[in-house]
Structure formats: C-alpha cells, structure tokens
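Overview (structure and organization)
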Amino acid sequence: MRPPEVAAAAAFAVVVLLVAGAAAALEAAAPLPASLRLERAVPHKGVPLEDLRRRDAARHRSARRGLLGGAAGVVDFPVEGSANPYMVGLYFTRVKLGNPAKEFFVQIDTGSDILWVTCSPCNGCPTSSGLNIQLESFSPDSSSTSSRITCSDDRCTAALQTGEAVCQTSDSPSSPCGYTFTYGDGSGTSGYYVSDTMYFDTVMGNEQIANSSASIVFGCSNSQSGDLTKADRAVDGIFGFGQHQLSVISQLNSLGVSPKVFSHCLKGSDNGGGILVLGEIVEPGLVYTSLVPSQPHYNLNLESIAVNGQKLPIDSSLFTTSNTQGTIVDSGTTLAYLADGAYDPFVNAIAAAVSPSVRSLVSKGNQCFITSSSVDSSFPTVTLYFMGGVAMTVKPENYLLQQASVDNNVLWCIGWQKNQGQEITILGDLVLKDKIFVYDLANMRMGWADYDCSMSVNVTTSSGKNQYVNTGQFDVNGSTRRASNKSFITVGIVAMLVHMLVFGGSSQLRDVVVPVAQ
C-alpha cells in the first residue's frame, strides 16, 4: 500500500490531467450559440466570492425613474456572456453608436437606467479586458452626427430632477450636461451626455428584419474609479434597462421605435446563450405578477418562500416594499441576495432537505455540499410566492454554485448571499438564468417561465403578429472580438478535494477557505 503522501500526490496528478483534458475538449468544442447570441466570457484567472459580492454591490445604486410611453416594432440586441461565476458571471451586449458607427460592449443592467460608454480621453479607464475583447472608446468629435447636451436642454433639466445629471449653479446654459454615478463599493464614473445615432435590428410585422437607427442620448464617460478600472472583467460601459426617461428603452419607445415591454432569456450553461428583445415574448407557461408602482427598480411583491413545498417561518412583513425593504429583479447582479432575516431560515431548510448521501460542510460561513449524485435528485426545489399566488420555481442550479469536481464528486455551495443588515432581496443572474422574463411596462407587470434559452421564442410585434427569434450558430472564428472558450478550476479547490478523497471525512475541511472562481 502506498503511503498517504504518495497517494495524494498521485491523485492530484490525475486531477491535473483531467482538468487539462477538459480544457482541451473545450477548445475543440462546437461553435457557441449566436444569433441574438450569447458568447462565453472568460477571465484569465478565478475571481473570489468576495469580489463577486463587491461587484454586485457596485451595481446596486438608487435612482428614480419615469414610465415608458408609445409602441412600435421589436428591437433585438446581440447578447454575450455567461451566468457562471467561473466564466465572469455577467451578460453584455453590443451597441453601435456614431457616424461612422463603432461597436461597444456594454453590460446588461436592469438595475440602472443610463447607457454610458467610455470616451476619449478617459481618466482611469481600462485599456484591455480579461474577457479577450478589444475595448473601444467613443469620441464625439469623430462622429459627424454627435452633439453635446447642454445644461439648458430640456432633457438635461429632466435628468437633473431625477439625479441622473449634474449642472452647477455657476454653469452657463451652454455648459455640458454632466453626470456622476457612484456605486456601493466606492467605484464610479463621471462624464457628460451626448446625442448621437444608435444602430440596431428591428423585427417587422412582415417577417423581415430591418436595419434601423435612431438618435438617442447616452453618457460619455471620461473618468472611472474602483472596480470599473480593473481589466479582468472590463467592458466598454453599462447599458441600463431601467424605466427613467433617459433610458434607451424609454427613448426608443417615445420615438415610436420599440414597444413598452422588453424580454430576455439568458442561457445558464457554461457556453452561454440567450435572447434579448425590446418586445414581448409570448410563450406558453408564462405567469405574471404586478410590478410595484413608483419604485426606482423593478420591484416585485414577494410574500413567502417554500423549500420542498414547506413554507419557511419568515414573517411576510419582512418582504413588504418600502425605502428599506423589497424584492428587486436585477440582471446587473451576478449572485442573489436574501433579506437578512430570511437568509438563515433558507439555508437551514436547504441543509435539512438534502439527500442523506450528500455530505455537508461549512467554509468561511458558506454552506457547501459534496455529492456524487445529480443536484436535481439530491437537493430540494425552492418556490418563491408573489402577490396573487404567482409562483417562481427555483431549481437547485438557480441557488447552488458548482465549485469543482473530481471524478464523480462535486462540490456545491449555496450561491445566495445574506444581504447583511438589510432587508432587501435581489434576484440576480443566478436566479434569472434559464427563464424567460418579460418586463411589461405597459401593464406594469412582470412575467416568467422556465425555458431552454437555446431554443426559439415567439415575440409579439406592434402589428399583433408573432415572429420567431432564435439563438442559431455562430462561427467561433467569425469575430475578432469573441471571448475565448476555456475553463479554469482553482488549484486550491482541486487540492482540497483530493485531500478529502484520499483522507476522507468532512471535519478536516471546516477551516479550509473555499474560493469561488469566475
């Protein structure tokens, strides 16, 4: 019999070979889904759970928003990225701006309003990205259709009233209409507003796709700080899908270009994939609940949570929407965050309901599990109940994060976090993936349904006719700005699991820090 040290070394060598083989297999994999395409976004290295939390905090800022108006055809946007934290854990789209048109990668964020992109010159802005995309910068002076928004402009006046713009009392009417956005972790961006042409595809009622354009107002960032300066997950800006009148949704709707509703279906696999349209997906099985009116975010009336059909002992008043409470749907958040008072009952219920074959362990305050069985057969289903008895089914993949695997043993940790000291619940990409979500602002409601987001969806146009939008195939070599197709496993996790498999027992792992890599 080999001594334990030799066995551990041999096991670790096997794991290294397995990981290398998996990476090689991914390199040779088939092309990823594309048309309305989501492509995989991969960093050069793993990102700890703490960084995910900080980045999520950076996306949670307050802002007042107005309502949309008007109706028109369906606008679709190409989408890229992945919900998998190992693969960066964000979704982003491409927008074309200016004349001549330039393409920019911007994060999809339903938790904010304004579209802004990096401009030239820019202080502190990253010049390279760990997503293996080429970063660009916008120059108003280089676009023949660009104009700066001044403090005397009515659009600036409206933005001043909602806190989305900045003009000093000493500024002249011709002074630029500025903005400063500060995020929860101290990160921020500042700049000024410009008006220029945006180009996009419109799905028409005659089953044709038209190349369209419209003049919109967006932010020109000339200063960034904090996490926005980091290259590992850098993009060209943020695309706010909120309700404020300066959001692109509001602007295109008021111009008669798009309807008063948008939808997304974000594929949750490592390969990514999905659909994003300014229009209404009308697939069978969609259920709707009311949006809370007059709120700065997309708030829903969450009433209770059940694990395996058993409602948790949580006072329903904890979920009541107020300035300090409520439930928000936010695609700019990677994980999910439960109100402080709801977190412990949720985690305890999950731990009590897992299959007897699952081994539990706690690492740095995170509840984790080791199993060789499928999560669907080993973990309970969670149900969120909203006003009107409307239910959202949350499968194990929507509340667990796979940390690593060795042979048939997989390490899973609960990906929902405690919103420490706050009674705000935030449903981020971990929950939103593998579901259709419809933001019906005309009727102030939100709908959802479980769905395979690699499949076509039925979308209603302004004419009342339905069109199919799908996620066809895309040549992996067809874009010079495409993310690479690789996977990384933190060596520390692998070594820890090898230690477990060789020596056995979970007690030896309780003091091991289990990092979450992106």
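Refer to the structure above for everything that follows.
Residues numbered from 1 in each chain as written. Predicted model: local features only at pLDDT ≥ 70, side-chain atom pairs only at ≥ 80, totals over all residues. Heavy atoms only, no water.

Structural notes on the overall build of the protein
This is how it is decided: Per the convention used, a helix needs a DSSP run of H or I reaching at least four residues, while a strand needs a run of E reaching at least two, with both numbered from the N terminus. Burial classification: accessible surface area is computed with a 1.4 Å probe over protein chains only, and a residue below 20% of its type maximum counts as buried, one above 50% as exposed, and the rest as partly exposed. Any two residues whose heavy atoms approach within 4.5 Å at even a single point are treated as in contact. Surface exposure here means Shrake-Rupley accessible area, sampled with a 1.4 Å probe, where a residue is shielded only by the protein chains that are shown.
Helix and strand counts for the protein come out as 8 helices and 31 strands. Expressed as a percentage of its 518 residues, the buried residues of the protein come to 55%. Long-range contacts, defined here as pairs at least 24 residues apart, represent 72% of the contacts in the protein between residues at least 6 apart. When the accessible surface of the protein is totalled, it reaches about 19900 Å², and 50% of it is carbon and sulfur.

Describing the nonpolar core
What counts, and what does not: Only buried residues count toward a nonpolar core. Its members are Ala, Val, Leu, Ile, Met, Phe, Trp, Tyr and Cys residues joined through side-chain atoms within 4.5 Å.
Counting residues in each nonpolar core, the largest one holds 84 residues, and the members touching the most others are M198, F346, L384 and W416. The greatest single-element share of this core, amounting to 6 residues, is contributed by helix 5 (residues 340-353). In contact with F346, not counting residues within four places along its chain, are I305, L312, L338, V382, Y399, I414 and W416. Residues V277, I281, V438 and V457 belong to the second largest nonpolar core, which totals 15 residues.

Concerning the packing of aromatic side chains
Going by this rule: For this analysis, a ring pair means two rings from Phe, Tyr or Trp (six-membered ring only for Trp) whose centres lie within 6.5 Å, classed as stacked if their planes differ by under 30 degrees, edge-to-face if by over 60, and tilted for the remaining angles. Note on geometry: a ring has a charge over it if NZ (lysine) or CZ (arginine) is within 6 Å of the ring centre and within 35 degrees of the ring normal.
Counting across every chain of the model gives 16 aromatic pairs. Centroid distance F369 to F379: 5.1 Å. Interplanar angle 75°. Geometry classified as edge-to-face. Of this pair, F369 sits in strand 21 (residues 366-371) while F379 is found in the loop between helix 6 (375-378) and strand 22 (382-386), placing the two residues 10 residues apart along the sequence. Note on accessibility: F369 and F379 belong to one class, buried. Above the ring of Y385, the side-chain terminus of K311 is found at 5.1 Å from the ring centroid. Stacked on the ring of Y288, the Lys or Arg R445 has its end atom at 3.6 Å from the ring centre.

Some remarks on the environment of T93
Here is the rule we go by: Whenever a nitrogen or oxygen atom comes within 3.5 Å of another N or O atom, the pair is scored as a polar contact, on the condition that within protein one atom can donate a hydrogen and the other can accept it, and that pairs from neighbouring residues in sequence are kept only if both atoms are in side chains.
Tracing the sequence through the fold places T93 in strand 3 (residues 90-97). Judged by relative accessible area, which is 0%, T93 ranks as buried. Along the backbone, T93 and V79 are 14 residues apart, and their C-alpha atoms lie at a distance of 4.3 Å. Once residues within four sequence positions are removed from consideration, T93 is found in contact with F77, P78, V79, F104, F105, V106, I108 and F239. Polar contacts involving the side chain of T93 include one to the main-chain carbonyl oxygen of P78, which spans 2.2 Å.

Topic: the state of the cysteines
Under the convention used in this document: A pair of cysteine sulfur atoms is labelled a disulfide when the two atoms are within 2.5 Å.
Under the defined criterion, the tally for this structure stands at 6 disulfides. The disulfide bridge from C151 ends at C167, spanning 2.0 Å between sulfur atoms. Note on the C151 and C167 pair: the S-S dihedral is about -95°, so by sign convention the disulfide is left-handed. Pair noted here: C151 is in the loop between strand 6 (147-148) and helix 3 (154-161) and C167 is in the loop between helix 3 and strand 7 (178-182), with a separation of 16 residues, a long-range link.

Side note on the sheet that holds strand 25 (residues 409-414)
Strand pairing in a sheet is mediated by backbone hydrogen bonds. Such pairs are either parallel or antiparallel. Spelled out, the test is: Pairs of strands are assigned from DSSP output, requiring at least two bridges between the strands. For helices, the fitted line uses only the C-alpha atoms of the stretch in contact; every axis is such a line through C-alpha atoms, and the angle between N-to-C directions lies from 0 to 180 degrees.
An order of 20-21-25-24 is seen for the 4 strands of this open sheet, with the pairing classed as antiparallel. On the outer flanks of this sheet lie strand 20 (359-363) and strand 24 (400-406), each paired with one strand and no other. Each strand of the sheet is rotated relative to its neighbour by a mean of 25°, with strand direction disregarded. Summarising the sheet, strand 20 and strand 21 pair through 5 bridges and their orientation is antiparallel. Of the residues in strand 21, the one forming a bridge with S360 is F369.

Points about the pattern of salt bridges
Applied cut-off: Salt bridge, as used here, is a side-chain nitrogen of Lys or Arg placed within 4 Å of a carboxyl oxygen of Asp or Glu.
Enumeration over the complete set of coordinates arrives at 13 salt bridges. The partner of D340 in a salt bridge is K418, and the shortest N-O contact between them spans 4.0 Å. Here the residue D340 occupies a position in helix 5, and K418 occupies one in strand 26 (residues 416-419), the gap between them amounting to 78 residues. Among the ionic pairs, K435 bridges to D450, the shortest N-O distance being 3.6 Å. One end of the pair, K435, is in strand 28 (residues 435-440); the other, D450, is in strand 29 (residues 445-450), with 15 residues separating them in the sequence. D450 sits in the partly exposed class, given a relative accessible area of 37%.

With respect to the pairing of strand 16 (residues 302-307)
In terms of residue burial, strand 16 counts as a mostly covered element, since 5 of its 6 residues are buried. Pairing analysis gives 5 bridges linking strand 16 to strand 22, with the strands arranged antiparallel. Bridge pairing links S304 to Y385 in strand 22. As paired elements, strand 16 and strand 17 (residues 310-311) share 2 bridges and run antiparallel to each other. Looking at the pairing, V307 lines up with Q310 of strand 17.

Observations regarding unusual backbone geometry
It is generally the case that most residues other than glycine have a negative phi and that most peptide bonds are trans. The residue after N99, namely P100, is reached through a cis peptide bond having omega 5°. For P100, the location among the structural elements is in the loop between strand 3 and strand 4 (102-109). For the peptide bond that leads from S120 to P121, omega is 0°, which places it in the cis range. Note on placement: P121 falls in strand 5 (residues 115-123). Even without glycine at this site, S294 takes up a positive phi of about 60°. Structurally, the position occupied by S294 is in the loop between strand 14 (287-290) and strand 15 (299-300). Taking the relative accessible area as the measure of exposure, S294 reaches 76% and is therefore exposed.

Some points on the sheet that holds strand 27 (residues 423-427)
Read from one edge to the other, the open sheet built from 5 strands follows the order 15-18-27-19-26, with strand pairing classed as mixed. Every interior strand has two partners, whereas the edge strands, strand 15 and strand 26, have only one. Contacts between helix 5 and the sheet are confined to strand 19 (336-339), strand 26 and strand 27, with strand 19 contributing the most and set at about 105° to the helix.

Observations regarding the side chain of T197
In this fold, T197 is placed in strand 8 (residues 188-203). The buried category is assigned to T197, whose relative accessible area is 13%.

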